[in-house]
Amino acid sequence: MHPAVIANIIAALTVSLMVVYSAYYGLQIYRHWNIESGSELQLTLERRTYLVSTLLSYTFGLQLISLFLYVFTADTLYPLFVGAMCAAGALSVNAFGYPTLILKVGNFLLAGLWLVLNHADNQAYDYPLIKKKYLLLAVIAPFIVAETIVELAYFLKLDANVITSCCGALFSSERVEGLGSEIAALPALPTLWAFYISIAAALLSGIYFYLRGKGGYVYSALAVVAFFVSIVAIISCISLYIYELPTHHCPFCIIMQEYNYIGYLLYVLLFGAVVAGGGIAVLIPFRRIESLRTAIPALLQKLTLTSIVFYAVFASIVTYRIAISNLIL
């Protein structure tokens with residue numbers, strides 16, 4: 001009956017219900033849509049697509065927020081479990097905590113890309129991307145439902161009598177057991193160099209695409225690479241400078257009050273940057289559609305600028321924290 005748990009469950013059920021409902025009608029639109037037809041069915045589908053698109057805009061917006069709500073909830077629950085010292089321990093109470101997190105991260109990216117595609121489609125009078133976006137919705141829907149099922153299993157199977165692991169054990173560089181420990185065991189300075197190289201490559205590529213309109217796929221790929229390298233770097237080395245401890249690699253403690261909630265800011269910037277960067281690759285194939293010839297280039301520039309700014313601010317904050325840190329590796 002924890003308020004945050006109830007909020008998560010309501011959000012998960014709402015998103016799942018709305019996505020399944022929208023996917024059902026989305027498949028009808030995908031199968032029968034014909035903008036050139038004046039039939040009663042087409043008119044019904046046109047009215048319905050307004051409703052479905054509006055529902056999904058709010059639903060996927062809630063899906064984006066739910067990732068951070070889930071992590072926040074895990075961070076508020078950890079005092080209830082023996083051995084837990086942050087969200088990392090709360091998520092390891094049972095076998096469903098981390099799978100839920102992984103699904104939420106994946107669905108965050110998919111939902112963000114769908115919103116980008118939907119926004120582009122709404123810029124044209126003839127909705128040329130309508131079948132593409134509802135086909136993508138059909139792909140997303142099973143993952144949303146799977147996330148809801150796993151998340152419900154996580155919350156319903158929470159047991160306060162379970163002794164869980166702390167983040168020091170889950171992200172230990174001394175005992176390489178599990179992905180978290182393997183990442184923590186990576187050499188800090190080479191990983192930090194890899195981080196700055198990936199960010200620099202992404203920024204330079206993004207600036208080139210923004211100014212010249214060429215190399216969009218390259219920037220999109222580099223933006224995705226920079227995202228994963230940054231996640232690895234947070235665990236391997238960036239967190240060390242924030243905690244000022246050479247052995248503390250937890251990616252969750254940085255969202256806590258004693259570190260001024262800096263983790264939330266870093267993750268928002270990082271996820272925003274990769275969604276905007278990935279959205280570029282999604283939209284480029286549709287630049288030649290007549291009704292989108294003006295809208296797509298303008299939207300690509302906005303996405304590129306957003307991604308560049310987010311990555312630049314992210315790297316600046318990381319650099320500042322390293323510069324003021326008392327830790328010297």
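The structure this text deals with has already been given above.
Here the structure is a predicted model, which is why all the values come from computation and not from measurement.

## Focus on the pattern of salt bridges
Applying the stated criterion to the full structure yields four salt bridges. For Glu147, the salt bridge identified is with Lys104, shortest N-O distance 2.7 Å. Of this pair, Glu147 sits in helix 5 (residues 130–156) while Lys104 sits in helix 4 (residues 97–121), and the two are 43 residues apart along the sequence. Accessibility assignment for this pair places Glu147 and Lys104 in one class, buried. Among the ionic pairs, Lys104 bridges to Glu151, the shortest N-O distance being 3.2 Å. Note that Lys104 is positioned in helix 4 and Glu151 in helix 5, a separation of 47 residues in sequence. Under the relative-accessibility criterion, Glu151 is labelled buried at 1%. Bridged by salt links that share partners, the residues Lys104, Glu147 and Glu151 form one connected network.

## Some points on empty space enclosed by the protein
A water-sized probe, rolled over the atoms, reveals where empty space remains. Taken as a whole, this structure holds one cavity of 30 Å³ or more when the rule is applied. In this model, the largest cavity occupies a volume close to 30 Å³. Surrounding the largest cavity, Ala11, Ala12, Val15, Ser16, Gln63, Ser66, Lys104, Ile144, Glu147 and Thr148 form its lining. Elements that contribute at least two residues to the lining of the largest cavity include exactly helix 1 (3–32), helix 2 (40–77) and helix 5. When residues of the lining of the largest cavity are assigned to their parent elements, the largest contribution, four residues, is made by helix 1. The residue makeup of the lining of the largest cavity, split by class, is four nonpolar, four polar and two charged.

## Quick word on unusual backbone geometry
Within the chain, Asn260 stands out as a residue other than glycine whose phi angle is a positive 60°. Looking at the element boundaries, Asn260 is found in the loop between helix 9 (216–243) and helix 10 (262–283). On the accessibility criterion, Asn260 (62% relative accessible area) is exposed. At Tyr261, a position not held by glycine, the phi torsion is positive, near 55°.

The rules we used
In every chain, residue numbers begin from 1 and rise along the written sequence. The model is predicted, so local features are restricted to residues of pLDDT at least 70 and side-chain atom pairs to those at 80 or more, both for listing and for counting; the totals for chains, interfaces and linings are taken over all residues. The side-chain numbers reported here are obtained from all heavy atoms of the structure, hydrogens and water having been left aside. The rule for a salt bridge is simple: a side-chain nitrogen of Lys or Arg has to be within 4 Å of a carboxyl oxygen of Asp or Glu. To qualify as a helix, a DSSP run of H or I must reach at least 4 residues; to qualify as a strand, a run of E must reach at least 2; elements of each kind are numbered from the N terminus. When accessible area is computed with a 1.4 Å probe and restricted to protein chains, residues below 20% of their type maximum are described as buried, those above 50% as exposed, and intermediate ones as partly exposed. In the cavity and pocket records, a cavity denotes points on a 1 Å grid over the protein atoms alone where a 1.4 Å probe fits but cannot get out, a pocket denotes an open set with protein on both sides within 12 Å along at least 5 of 7 lines, and lining residues are residues with an atom within 4 Å of a point. Grid points are joined across faces, edges and corners, and a volume is the space filled by probe spheres set on the points. Three classes are used, and their members are as follows: Ala, Val, Leu, Ile, Met, Phe, Trp, Tyr, Cys and Pro are nonpolar, Asp, Glu, Lys and Arg are charged, and the others, Gly among them, are polar.

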